[in-house]
Amino acid sequence: MTELLASSDDGGLITALDDGSGQNLLVVHPGGGDATTWDGVTGHLVDDFRVVRIRRRIYVPEADIALPHSMIAEASDIVAVAGLLEPPVLLVGHSSGAVAALEAALLDPSAFAGLVLYEPPLPTAELTAGRAGARARAAFDRGDPVEAMRIHMRDIVRMPANVVDAMVADRQVRAAFSVYAAAQIADNEAIDALGVGVDRFATLETPTTLVEGDLSPAHLRRRLADLAAALPHARIVTLTGQGHVAHLTAPDTLAGTIRDMARQILHP
């Protein structure tokens, strides 16, 4: 594995993990962690593809997070990394990373041959974080990042409360929450700042595979359906027996979905 370096529009440095060889997959990781959360999926793809995983600016360790954070800044970062790669490029995004990926495709549609978007929590018909986001911000600002993340998981992602409580009871999970809470809350606010609606995606002609889990929170699946209705060339793939974290629970299955799209787009 090597590291790619690119310059952001605001003069910062963007880094990305670079594995494998072949045609290019550019991956934008979800919130609540870093690019290594996709290690499992990457391992199933590197024999046939070059897999580049961008390190999202707010999730880099000890990142200086400028507020308000902007999805447009992330989109620009993604386009900058894509510019280092030989076309065609298949852009893959997960959760809030999928929102950033979609904004990148709007910013420069010519940079990407296709998209794979795994449950982007877009504010299609209602805000994504809304009042719960304000409560999470208040908890974080008063010095309680674990409570901020509890609110995020329970009231924004809408995981069952007992599952969230079990997560919070784990010392390692609490430590991870403390590390990534600032970025996650900023991430939520950046998504809501996009505003409600999906009309702007009606002009995006890029072929798109939208991925959902049949066990995922209902609101994520509704948001995905709203996006599918707006995009001119989109199809939905449902992962049976999976939720929002198939990159951890079924990396081979998720990799297979990406591979199928790559065969269609990169090898027409």
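(A) Geometry of the nonpolar core. With 39 residues, the main nonpolar core has Leu 26, Ile 78, Leu 91 and Phe 112 as its most contacted residues. Ranked by residue count, the leading element in this core is helix H3 (residues 96-107), at seven residues. Filtering out sequence-adjacent residues up to four positions away, Leu 26 remains in contact with Val 52, Ile 78, Val 81, Ala 82, Leu 85, Val 89, Leu 90, Leu 91, Val 92 and Phe 112. Formed by 22 residues, the second largest nonpolar core is a distinct cluster that contains Val 51, Val 237, Leu 254 and Ile 265.

(B) The arrangement of unusual backbone geometry in detail. Look at the link from Leu 67 to Pro 68: it is a cis peptide, with omega at -5 degrees. Along the chain, Pro 68 falls in the loop between strand S4 (49-54) and helix H2 (71-82). Note the cis peptide between Pro 87 and Pro 88, where omega equals 0 degrees. Within the fold, Pro 88 resides in the loop between H2 and strand S5 (89-94). Its identity as a non-glycine residue notwithstanding, Ser 95 has a phi of 55 degrees, on the positive side. Topologically, Ser 95 is positioned in the loop between S5 and H3. The phi angle at Arg 158 is positive, at roughly 70 degrees, despite the residue not being glycine.

(C) Here's a closer look at the pattern of salt bridges. Scanning the model with the defined rule gives 20 salt bridges in all. Between Asp 10 and Arg 57 there is a salt bridge, with its nearest N and O atoms 2.8 Å apart. Taken together, the residues span a long stretch of sequence, with Asp 10 in the loop between strand S1 (2-7) and strand S2 (13-20) and Arg 57 in the loop between S4 and H2 at a distance of 47 residues. Where Glu 103 meets Arg 200, a salt bridge forms, and the shortest distance between an N and an O atom there is 2.7 Å. With a gap of 97 residues between them, Glu 103 in helix H3 and Arg 200 in the loop between helix H7 (171-192) and strand S7 (208-213) connect regions that are remote in the sequence. Among the residues examined, Arg 200 registers a relative accessible area of 32% and is labelled partly exposed. Put simply, Asp 10, Arg 57 and Asp 77 are held in one network by salt bridges that share partners.

(D) Structural context of the packing of aromatic side chains. Applying the stated criterion to the full structure yields one aromatic pair. Seen from their ring centres, Tyr 59 and Tyr 180 are 6.2 Å apart, and the 45 degrees between their planes marks the pair as tilted. With a gap of 121 residues between them, Tyr 59 in the loop between S4 and H2 and Tyr 180 in helix H7 connect regions that are remote in the sequence. For the residue pair Tyr 59 and Tyr 180, the accessibility class agrees, reading buried in each case.

(E) Representation of the pairing of S2 within the structure. Summarising burial for S2: six of the eight residues are buried, a large majority. From the end of S1 to the start of S2, which pair antiparallel, there are five residues, and Gly 11 there has a positive phi angle of about 90 degrees.

(F) Quick look at the packing of H2 against H3. Following both chains from N to C, one finds H2 and H3 inclined at 70 degrees, their axes separated by 8 Å at the closest point. Considered as vectors, H2 and H3 are oriented roughly perpendicular to each other. Counted together, Met 71, Ile 72, Glu 74, Ala 75, Ser 76, Ile 78 and Val 79 of H2 and Ser 96, Val 99, Ala 100, Ala 101, Glu 103, Ala 104 and Leu 107 of H3 form the full contact between these two elements. Looking at side-chain class alone, the contact of H2 with H3 contains 10 nonpolar, two polar and two charged residues.

(G) Layout of the environment of Val 99. One can find Val 99 in helix H3. As a C-alpha pair, Val 99 and Asp 199 span 100 residues in sequence and 15 Å in three-dimensional space. Not counting chain neighbours up to four residues away, the residues in contact with Val 99 comprise Met 71, Pro 120, Pro 121, Leu 122, Ile 191 and Leu 194.

(H) Structural view of the sheet that holds strand S8 (residues 234-239). What the eight strands build is an open sheet, ordered S1-S2-S4-S3-S5-S6-S7-S8; its pairing is mixed. Each end of this open sheet is capped by a strand with a single partner; those strands are S1 and S8. Adjacent strand axes in the sheet meet at a mean angle of 25 degrees, parallel and antiparallel pairs treated alike. Sheet strands in contact with helix H8 (residues 218-230) are strand S6 (114-118), S7 and S8, and its direction is about 165 degrees off that of S7.

(I) Spatial organisation of helix H4 (residues 130-141). Between its terminal C-alpha atoms H4 stretches 17 Å, which fits the 16 Å expected from 12 residues at 1.5 Å a residue. Turning to H4, its buried residues are Ala 132, Gly 133, Ala 136, Arg 137 and Ala 139. Looking down the long axis of H4, one finds its buried residues gathered within 160 degrees of arc, a one-sided arrangement. Opposite the buried face of H4, at more than 90 degrees from it, the exposed residues are Arg 131 and Asp 141.

Rules used in this analysis
Residues numbered from 1 in each chain as written. Predicted model: local features only at pLDDT ≥ 70, side-chain atom pairs only at ≥ 80, totals over all residues. Heavy atoms only, no water. Core = buried A, V, L, I, M, F, W, Y, C linked by side-chain atoms within 4.5 Å. Buried < 20%, exposed > 50% of the residue type's maximum accessible area, 1.4 Å probe, protein only. Helix = DSSP H or I, 4+ residues; strand = E, 2+ residues; numbered from the N terminus. Contact = heavy atoms within 4.5 Å. Salt bridge = Lys/Arg side-chain N within 4 Å of Asp/Glu carboxyl O. Phe/Tyr/Trp six-rings, centres within 6.5 Å; stacked < 30°, edge-to-face > 60°. Pairing = 2+ DSSP bridges. Axes fitted to C-alpha atoms, helices over the stretch in contact; angles between N-to-C directions. Parallel < 35°, antiparallel > 145°, perpendicular 65-115°, else oblique. Nonpolar A, V, L, I, M, F, W, Y, C, P; charged D, E, K, R; others polar. Expected span 1.5 Å × (residues − 1). Arc of directions from axis to C-beta.

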